[in-house]
Amino acid sequence: MNKFVVFTLYFGITSIAFTESLFIYKLNYRVTPEPTISAPDYDGIVFVSSQQPINDSVIPEAISNAISKAAKVNGALYKEGGVVEVDGIPAGRLVYAPVGPLTDYHDVRSYGEAAKKAIEKALKANIKAPLLILHPNSNPKFPHAELVTLLGALEALYVNIQYREDCPDKCPKVKNLGVWGPEYTTTVDIVNMAANLEDGRIVARDITDADPERMSPLRVEEYIREVFPPESGVNISVISDPEQLKKEFPLFAAVNRAASTVERHAGRIIFLTYESNTPVVDTVLLVGKGVTYDTGGADIKTQGYMASMSRDKGGAAAVAGFMKVLAETRVGGLKVVAALCLTRNSVGENSFVADEVITARSGKRVRVVNTDAEGRMVMADLLCYMKELVEKGNVENPHIISVATLTGHALSSVGPGYSIVMNNGPAAKSAEGKIFKEYGEKIGEPLEVSTLRKEDFDVYKGTAQGDDLVNSNKNSRETGRGHQGPAAFLIMASGLDKHELDSAVPIKFSHWDIAGSVGDLPGPATGAPVLALANRFIMRLEDPAEEGFH
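Residues numbered from 1 in each chain as written. Predicted model: local features only at pLDDT ≥ 70, side-chain atom pairs only at ≥ 80, totals over all residues. Heavy atoms only, no water.

A.B. asks: Break down the overall build of the protein for me, citing the residues and quoting the values.
C.D. replies: Across its full length, the protein holds 18 helices and 18 strands. By the compact-globule yardstick of 24 Å for 550 residues, the protein fits well, its C-alpha radius of gyration being 24 Å. In terms of overall dimensions, the protein has C-alpha extents of about 80 × 50 × 45 Å along its principal axes. A burial count over the protein gives 59% of its 550 residues as buried. Taking the intrachain contacts of the protein between residues at least 6 apart in sequence as the baseline, contacts between residues at least 24 apart amount to 78%. Counting only carbon and sulfur atoms, one obtains 49% of the accessible surface of the protein, whose full area is about 21700 Å². With 57 positive and 69 negative side-chain charges, the protein shows a separation of 2 Å between the mean positions of the two kinds. (Helix = DSSP H or I, 4+ residues; strand = E, 2+ residues; numbered from the N terminus. Rg over C-alpha atoms; globule rule 2.2 N^0.38 Å. Buried < 20%, exposed > 50% of the residue type's maximum accessible area, 1.4 Å probe, protein only. Contact = heavy atoms within 4.5 Å. Areas by Shrake-Rupley, 256 points an atom, 1.4 Å probe, with all protein chains shown as cover. Lys, Arg positive; Asp, Glu negative; His and termini not counted. Charge placed at Lys NZ, Arg CZ, Asp CG, Glu CD.)

A.B. asks: Go over the nonpolar core with me, naming the residues and quoting the values.
C.D. replies: Most often, soluble globular proteins keep nonpolar side chains buried together rather than apart. If you look at the biggest cluster of nonpolar residues, it comprises 95 residues, and the most contacted ones within it are Leu 150, Leu 197, Phe 322, Met 323 and Trp 512. Look past the residues within four positions of Leu 197 in its chain and what remains in contact with it is Leu 147, Leu 151, Val 325, Ile 443, Leu 531, Ala 534 and Met 539. (Core = buried A, V, L, I, M, F, W, Y, C linked by side-chain atoms within 4.5 Å.)

A.B. asks: Outline the sheet that holds strand β8 (residues 234-239), listing residues and values.
C.D. replies: Within a sheet, neighbouring strands are paired by backbone hydrogen bonds and run either parallel or antiparallel to one another. Judged by pairing direction, the sheet is mixed, and its eight strands sit side by side in the order β8-β9-β11-β10-β14-β18-β15-β16 without closing on themselves. Lying at the two open borders of the sheet, with one neighbouring strand each, are β8 and β16 (447-450). Ignoring strand direction, the axes of neighbouring strands in this sheet form an average angle of 20 degrees. Of the strand pairs in this sheet, strand β9 (residues 268-275) and strand β11 (residues 334-345) are connected by eight bridges, and their pairing is antiparallel. In the strand pairing of β11, Ile 269 is matched with Cys 341. Taken strand by strand, helix α15 (residues 432-442) contacts β14 (398-404), β15 (419-423), β16 and β18 (508-513), and its axis lies near 170 degrees from that of β16. (Pairing = 2+ DSSP bridges. Axes fitted to C-alpha atoms, helices over the stretch in contact; angles between N-to-C directions.)

A.B. asks: Quick one: what's the story with helix α17 (residues 484-494), residue by residue and with numbers?
C.D. replies: The element α17 is extensively covered by neighbouring structure, given that eleven of its eleven residues are classed as buried. The complete set of buried residues in α17 reads Gln 484, Gly 485, Pro 486, Ala 487, Ala 488, Phe 489, Leu 490, Ile 491, Met 492, Ala 493 and Ser 494. Residue Gly 495 follows α17 closely and has a positive phi angle near 85 degrees.

A.B. asks: Give me the side chain of Asp 206: which residues, what numbers.
C.D. replies: Tracing the chain through its elements places Asp 206 in helix α7 (residues 184-209). At 2.7 Å, the side chain of Asp 206 forms a polar contact with the side chain of Tyr 223. Setting aside anything within four residues of it in sequence, one finds Asp 206 in contact with Lys 26, Tyr 158, Ile 161, Arg 164, Met 215 and Tyr 223. (Polar contact = N/O pair within 3.5 Å; in protein donor to acceptor, adjacent residues only side chain to side chain.)

A.B. asks: Account for the sheet that holds strand β12 (residues 357-359), with residues named and values stated.
C.D. replies: Strands sit in the order β12-β13-β17 across an open sheet of three strands; the sheet is mixed. Taken across any chain shown, the strands that pair with only one partner, and hence form the sheet edges, are β12 and β17 (469-470).

A.B. asks: Outline the state of the cysteines, supporting the account with residue identities and numerical values.
C.D. replies: For the coordinates displayed, the defined rule picks out zero disulfides. For Cys 167, which is in no disulfide, the shortest distance to another cysteine sulfur is to Cys 171 and amounts to 11 Å. A relative accessible area of 25% places Cys 167 in the partly exposed class. (Disulfide = S-S within 2.5 Å.)

A.B. asks: Can you lay out the confidence of the model for the protein for me, pointing to particular residues and giving the numbers?
C.D. replies: Of all residues in the protein, 94% have pLDDT values of 70 or greater, and the mean over the chain is 93. Across residues 1-18, confidence stays below pLDDT 50; counting only partners more than four residues off in sequence or on other chains, it has 58 contacts. (pLDDT = per-residue confidence, 0-100.)

A.B. asks: I'd like a description of the packing of aromatic side chains, backed by residues and values.
C.D. replies: Centre-to-centre distance and the angle between the planes together describe a pair of aromatic rings. For the structure on display, the rule yields nine aromatic pairs. On the numbers, 5.1 Å between centres and 45 degrees between planes, the contact of Phe 271 with Tyr 385 is tilted. With Phe 271 in strand β9 and Tyr 385 in helix α12 (residues 374-391), this pair connects stretches of sequence that are 114 residues apart. With relative accessibility at 7%, the residue Phe 271 sits in the buried group. Through a chain of ring-to-ring contacts, the aromatic side chains of Phe 322, Phe 436, Trp 512 and Phe 537 assemble into a single cluster. Here the basic side chain of Arg 205 rests over the ring of Tyr 158, its NZ or CZ set 5.0 Å away from the ring centre. The ring of Tyr 439 has Lys 442 lying over it, and the distance from NZ or CZ to the ring centre is 5.2 Å. (Phe/Tyr/Trp six-rings, centres within 6.5 Å; stacked < 30°, edge-to-face > 60°. Lys NZ or Arg CZ within 6 Å of the ring centre and 35° of its normal.)

A.B. asks: Can you tell me about unusual backbone geometry, naming the residues and giving the values?
C.D. replies: In this chain, Leu 521 is followed by Pro 522 through a cis amide linkage whose omega measures 10 degrees. Among the structural elements, Pro 522 can be located in the loop between β18 and α18 (530-539). At the junction of Ala 528 and Pro 529, the peptide bond is cis and its omega measures out at 0 degrees in the coordinates. Following the sequence through the fold, Pro 529 ends up in the loop between β18 and α18. Of note in this structure, Asp 41 is not a glycine but carries a positive phi near 75 degrees. By the element assignment, Asp 41 lies in the loop between β2 (30-34) and β3 (44-49). On the basis of relative accessible area, Asp 41 is assigned to the exposed category, the value being 71%.

A.B. asks: Could you give me a rundown of α12, with the residues and numbers involved?
C.D. replies: End to end, α12 covers 27 Å across 18 residues, agreeing with the expected 26 Å (1.5 Å per residue, within 8%). Within α12, the axis deviates most sharply at Ala 380, by approximately 25 degrees. Within α12, 14 of the 18 residues are buried, which leaves the element mostly enclosed by the surrounding structure. Directly after α12, the chain includes Gly 393, whose backbone phi takes a positive value near 90 degrees. (Expected span 1.5 Å × (residues − 1). Bend = angle between axes of the 7 residues up to and from the residue.)

A.B. asks: Can you tell me about the pairing of β11, naming the residues and giving the values?
C.D. replies: A large share of β11 lies buried, amounting to eleven of its twelve residues. In terms of strand pairing, strand β10 (residues 282-294) meets β11 through eleven bridges, oriented parallel. What sits directly across from Asp 282, in β11, is Leu 334. Following the chain from β10 across helix α11 (residues 314-329) to the adjacent parallel β11, one finds a crossover that is right-handed. (Right-handed = clockwise from strand over helix to strand, strands pointing away.)

A.B. asks: So what about the side chain of Asn 424? Which residues, and what values?
C.D. replies: Positionally, Asn 424 belongs in the loop between β15 and α14 (425-429). Classification of Asn 424 by relative accessible area gives buried; the value is 3%. From its side chain, Asn 424 meets the backbone nitrogen of Ala 427 in a polar contact 3.1 Å long.

The following block contains the structure:
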């Protein structure tokens, strides 16, 4: 069934309420909003709460009594949680997960993290059909804690695509996840929204998490065609001809050169396009880095740094995940053109090498200094292509965005779990950094904002005769401002430097470096920043007290 609904809770328009189960994409388990906590067919209840359920009229008496009784023999229950017996409810047992004390420095992720741990504990207790309680949050800082709680629970139920293909008996982890809240219509809205978002995260995780062969460029294309059938509302166009790539996207083609000799590794650019049936008011042009494996090329990675480089396709994966959310929600007023830049930075006799000078689509002459700085090369021509779409006109409120696992410096700067966003002049004037940050925070996918400075541009300017730019100076981790400089390179190499605030056609450009948020092996991929992007352009969640919230 089509899971699209209009959400009363968030948009103030009549929703389509129903009790049907929703199948989570590709994982084959159901999520069911339940009108009663006594619903049959559940073998355990999961309760995530930021406060002790004493004298809490919202929580059913059977739940609060069970927790109070268990706390008398387990003094750590309110701090650590646990599994307790519940009388008078068919499920019979309860996994209690306290969120814990929240300081000024905590964010809404605390709810999702508690829910994820609770579901994992329920699975260890052999609970196969958990019923999750969405407890209304009393903390005004976190108006969407219930949604984030459910997203945390869904995160715990993800199964890596190769594992579920090789070991189908391991998936799904549960048959059904029930969801109960004191306001049934609100619960329906939250379940539908969470299911749409989770479908997008699954697509992003599947592509990111799979090894370099399961998600080689060819097999990513096959997967994308399965995700977006003709009726999805997302149109697919693929460029894979080596001569066309060399002519139209020469920087991409240089990186692709060594991989092009192996059919399954040969690169392709996948365009995904969505346009609503209602008049367009916003146009988003996305470019995602999809390096399915990064050996470093001729400047090969050494000392173990090549391990986990299958995650270097996380930018393209996130873009595909965002498009999946669009396909599920069919949001109005939006047009999106997305490019997945898929290739493998292979090493071999056909490798591009340092000292080559390549003329980009923009006409800029780029001298290669380091073949391990391939991500910016892969994306620059596509950013130029998006810029040209805007230059042609008839594009409403355009915003060009690149998403990439681009620099180790990003991870070093902000640590694991955080993306970094950088904006050109027009995007900075529109406060896009602040907007992205707020929307990410609300949905449990926080990010940091970095500012581009003149030094970031200076370091990538060419110095040899005839060079306009160099693609690198040295390893980003060893460079001051090592994540800002590559963003400046993308602006110059794409020709977006001709569309700053003082130009005739200013164009907003934001660059997301997700090296710190994509998730590193052996841990699972996160799907970041699907939630933040979806909230910014699709869900647009507001706080209840904010003007315009219904």
